[in-house]
Amino acid sequence: MCVLPPTRTMAACWTLLLAAAALAAAHDHDGETETYRVSIGHLFLLRCLFADNHDSVTWSRGGWGRDPSLPPGVEVREGLLWFLPVQMSHDGFYTCEKRDPHRAVRATFGVSVSRGQCPDPPENKSLSLEVPGSLSCKQKEIFNLTHTRNVRWMKDCRPIEGGGRVTVDEGGILRLSAASQEDSGKYTCLVDISVDGQKYTAARSIRVTVDKVVEGTLVVKPEVVYPQHKVVVVEEGARVELKCLASIGFSEDRETLMYWTVNETYSEAHKELGFSWNFVRRRGMVFGESTLSISNVRRHFLNVPISCCVLNSAGFQKGVAWLQEADHRALHTAVGLGLSSSLALLLLFALLLFFRVDLVLACRKLLRPFSKRAPDGKLYDAYVSFLPPDAPRSAATASLALGLLPEELETQHGYSLYIPGRDDCPGDAVHDVVAATVRRCRRLIIIISPEANRPPHGRTEEQLCYEQKVGLHDALTLNDPRVILVEVGGAVDYSRLPESLRYVRRRQGALRWSSTGAASTSFWKSLRYHMPPVPPPSDQPGWVVCGQPAVRGGSACSPGVSMNPEAMVESS
């Protein structure tokens, strides 16, 4: 029993009784029956009131346990019962059940099917005379679909022409600028929608009565604008605020009550929760606005219904929100993939850098049969030069320049070399021939030995022979030919050599010759890496005479031997 002091009104007692009844109904839906009125041929979606799209819901025909099967044309999609479309045989009762580890909750709904175009109205709504009013389509499940739709309204099953006092907004709400007695009647909201390539129409009717009401006597059932099954992503331990807005009517009803529940318990039971609410006016209507403040999001606040409840003497409504913990797996996955990709790229770059010589040589070998050297005016792949020109050459220098280089590069890999002392001819104008020959070579190989550290008379510039001066000048000014430095017989002191050689050494380094197995293999690979690609056999030059294209695999002239131009035996 509700006992109040005499100074309180009976309306307050009625409010508390309704609140208690609403909470009791929220705990147990067994035995509830709500009838939905639909028309044959229309699309209809039925939702289990206490479940959302993520819950596992079971539907059956009739009372629970009678007939687990559903009639033809009725199917379950994401927890909703779809009637595609409504048929007379669909008239009857349907039961939904939601199970969790602790209990099973059931609810039974009635579906009343009529043959008319406009279904019978399940709701009566009163509008005040000469006061703006609005009618909601209230087909939330239909509007939640992402399909293209069109909203139409009918009054007494006759189409309503828009404009003037009657307008329909994008949300399908019909608004009357000032209600009159003529506006009373049955209103039907029709939603044309396409599902699975088929066109359907969903319909719902409302009975509207327009009366001249004495101020303060009209109480309107509240309607929650938001939240409506809203999911809020939060961090555990964070501070969060939830907003609630509910339509109250056209005046501030003192019997209206707004409060919050968390998993069907009052918010006052949790010290982390606090709320406030007040009336606000918008577009001539009165709304209740409430804010729930959560100072610290606890684990038991996650994934449970947090309801904004609105209650007055005309009825009860609630909007539900859910707190969902932020899922960082996608972020962690993205970070992991980013780090893995970066490490993979760094490893790939390191491998390419470490094995670049072998990779370049392998690519050249694979592409050699398909490549064709573009004409560049060059006759030789490399000019081999010694330093110093007038110093006694060591055995290692002579062996490398006159024996090993031709054997490896010419005989085994098809390069054409010009080696002074092997390929020059007597009687040539030395400076002119040397300058022209160096400029017709793609590379200039300069072999340096420790003897280069002892310049004659202390003059370093005299250590450069003429072809080296010409080649270095062109290499430094034109980058053609490119210079390859080869050190033979030990360390070379470049501080005693000309500045041009020291510059080349600083910029690109030098190859060091060694006759040992692994070091020798590495030397030849590095030398071939710095040489131009080997031309295909059809592009290699043939036999020549002095001053003509390069000799392939041997010399055309030797010092002291005079050759007659008529002695040419082969020309490419």
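Look above for the structure.
Residues numbered from 1 in each chain as written. Predicted model: local features only at pLDDT ≥ 70, side-chain atom pairs only at ≥ 80, totals over all residues. Heavy atoms only, no water.

Asker: Honestly, the overall build of the protein in this entry has me stumped. Any pointers?
Answerer: Along the backbone of the protein there are nine helices and 29 strands. Sorting the 572 residues of the protein into buried and exposed places 42% on the buried side. Long-range contacts, defined here as pairs at least 24 residues apart, represent 69% of the contacts in the protein between residues at least 6 apart. In the form shown here, the protein has an accessible surface area of approximately 31,100 Å², with 55% of it arising from carbon and sulfur atoms. (Helix = DSSP H or I, 4+ residues; strand = E, 2+ residues; numbered from the N terminus. Buried < 20%, exposed > 50% of the residue type's maximum accessible area, 1.4 Å probe, protein only. Contact = heavy atoms within 4.5 Å. Areas by Shrake-Rupley, 256 points an atom, 1.4 Å probe, with all protein chains shown as cover.)

Asker: In this structure, what is going on with the packing of aromatic side chains? I would like to understand it.
Answerer: The description of an aromatic ring pair rests on the distance of the ring centres and on the angle between the ring planes. Within the structure shown, the criterion is met by 13 aromatic pairs. Residues F523 and W524 carry aromatic rings whose centres are separated by 5.1 Å and whose planes lie at 70° to one another, so their mutual orientation is edge-to-face. With respect to class, F523 is no different from W524; both count as buried. In this structure an aromatic cluster arises from ring pairing among Y36, F44, W59, F83, Y94 and F109. (Phe/Tyr/Trp six-rings, centres within 6.5 Å; stacked < 30°, edge-to-face > 60°.)

Asker: How should I be thinking about the packing of helix α4 (residues 356–367) against helix α9 (residues 517–530) in this particular structure?
Answerer: Relative orientation and spacing of two packed helices are given, respectively, by the angle between their axes and the distance between those axes. The N-to-C vectors of α4 and α9 enclose an angle of 60°; their axes lie 9 Å apart at closest approach. One way to sum up the angle between α4 and α9 is to call them oblique. When the axes of α4 and α9 are compared, the crossing they make is left-handed. From α4, R356, V357, D358, V360, L361 and R364 reach across to α9, where they touch K525, S526, R528 and Y529. Looking at the contact of α4 with α9, its residues break down into four nonpolar, one polar and five charged. (Axes fitted to C-alpha atoms, helices over the stretch in contact; angles between N-to-C directions. Parallel < 35°, antiparallel > 145°, perpendicular 65-115°, else oblique. Left-handed = near helix turned anticlockwise from the far one by under 90°. Nonpolar A, V, L, I, M, F, W, Y, C, P; charged D, E, K, R; others polar.)

Asker: I tried to follow the environment of P533 on my own but got confused; where do I start?
Answerer: Among the structural elements, P533 can be located in the segment after α9. The class of P533 is partly exposed, set by a relative accessible area of 46%. A C-alpha to C-alpha distance of 9.9 Å links P533 and C363, two positions 170 residues apart in sequence. The residues touching P533, leaving out its near neighbours within four places in the chain, are R364, R373 and Y415.

Asker: Explain the sheet that holds strand β12 (residues 166–168) to me, please; I cannot follow it from the model alone.
Answerer: Backbone hydrogen bonds are what pair the strands of a sheet, in a parallel or an antiparallel way. Strand order in the open sheet formed by three strands is β9-β13-β12, with antiparallel pairing between adjacent strands. Lying at the two open borders of the sheet, with one neighbouring strand each, are β9 (133–135) and β12. Taken over all neighbouring pairs, the strand axes of this sheet differ in orientation by 20° on average, direction set aside. Strand direction decides the pairing type here: β12 and strand β13 (residues 174–176), joined by three bridges, are antiparallel. Looking across to β13, one finds that T167 is bridged to R175. (Pairing = 2+ DSSP bridges.)

Asker: Is there a simple way to think about the nonpolar core in this case?
Answerer: Among soluble globular proteins, nonpolar side chains are generally buried collectively. Membership of the largest hydrophobic core comes to 26 residues, with the highest contact counts inside it found for L43 and W82. Of all elements in the fold, only β5 (80–83), α2 (140–144), β13, β14 (185–195) and β15 (198–211) reach the threshold of two or more residues within this core. The residues touching W82, leaving out its near neighbours within four places in the chain, are L43, F44, L45, G73, V74, E75, R77, L145 and V195. In terms of nonpolar packing, the next biggest core, distinct from the first, is built from 24 residues, C244, A246, I294 and V297 among them. (Core = buried A, V, L, I, M, F, W, Y, C linked by side-chain atoms within 4.5 Å.)

Asker: What should I look at first to understand the sheet that holds strand β2 (residues 44–46) in this one?
Answerer: Pairing within the open sheet is antiparallel, and its three strands lie in the order β2-β5-β4. Unpaired on one side and paired on the other, β2 and β4 (74–77) mark the two borders of the sheet. Strand-to-strand twist in this sheet, taken as the mean axis angle between neighbours without regard to direction, amounts to 25°. Sheet analysis places β4 next to β5, joined by four bridges and oriented antiparallel. Residue pairing across strands places E75 opposite W82, the latter belonging to β5.

Asker: When you look at the pattern of salt bridges in this model, what are you seeing that I'm missing?
Answerer: In a structure, side chains of opposite charge can pair up when their charged atoms sit close to one another. Overall, the coordinates contain 24 salt bridges when judged by the stated rule. One salt bridge in this structure joins R298 and E272, with 3.3 Å as the shortest N-O distance. Taken as a pair, R298 in the loop between β22 (285–294) and β23 (305–312) and E272 in the loop between β20 (265–266) and β21 (273–282) lie far apart in primary sequence, 26 residues in all. Owing to a relative accessible area of 10%, E272 belongs among the buried residues under this scheme. Through salt bridges with shared partners, one network takes in E123, K138, R204 and E223. (Salt bridge = Lys/Arg side-chain N within 4 Å of Asp/Glu carboxyl O.)

Asker: Sorry, what's going on with a nonpolar patch on the surface here?
Answerer: Residues L345, L347, L348, L351, L352, F354, F355 and L359 make up a contiguous nonpolar surface patch of roughly 800 Å² in combined accessible area. When residues in the nonpolar patch are grouped by element, the largest group, six residues, is from helix α3 (residues 329–354). Along the chain, L348 falls in helix α3. Judged by relative accessible area, L348 falls into the partly exposed class, the value being 45%. (Patch = residues over 30% accessible without salt bridge, like charges linked within 9 Å, V, L, I, M, F, W, Y side chains within 5 Å.)

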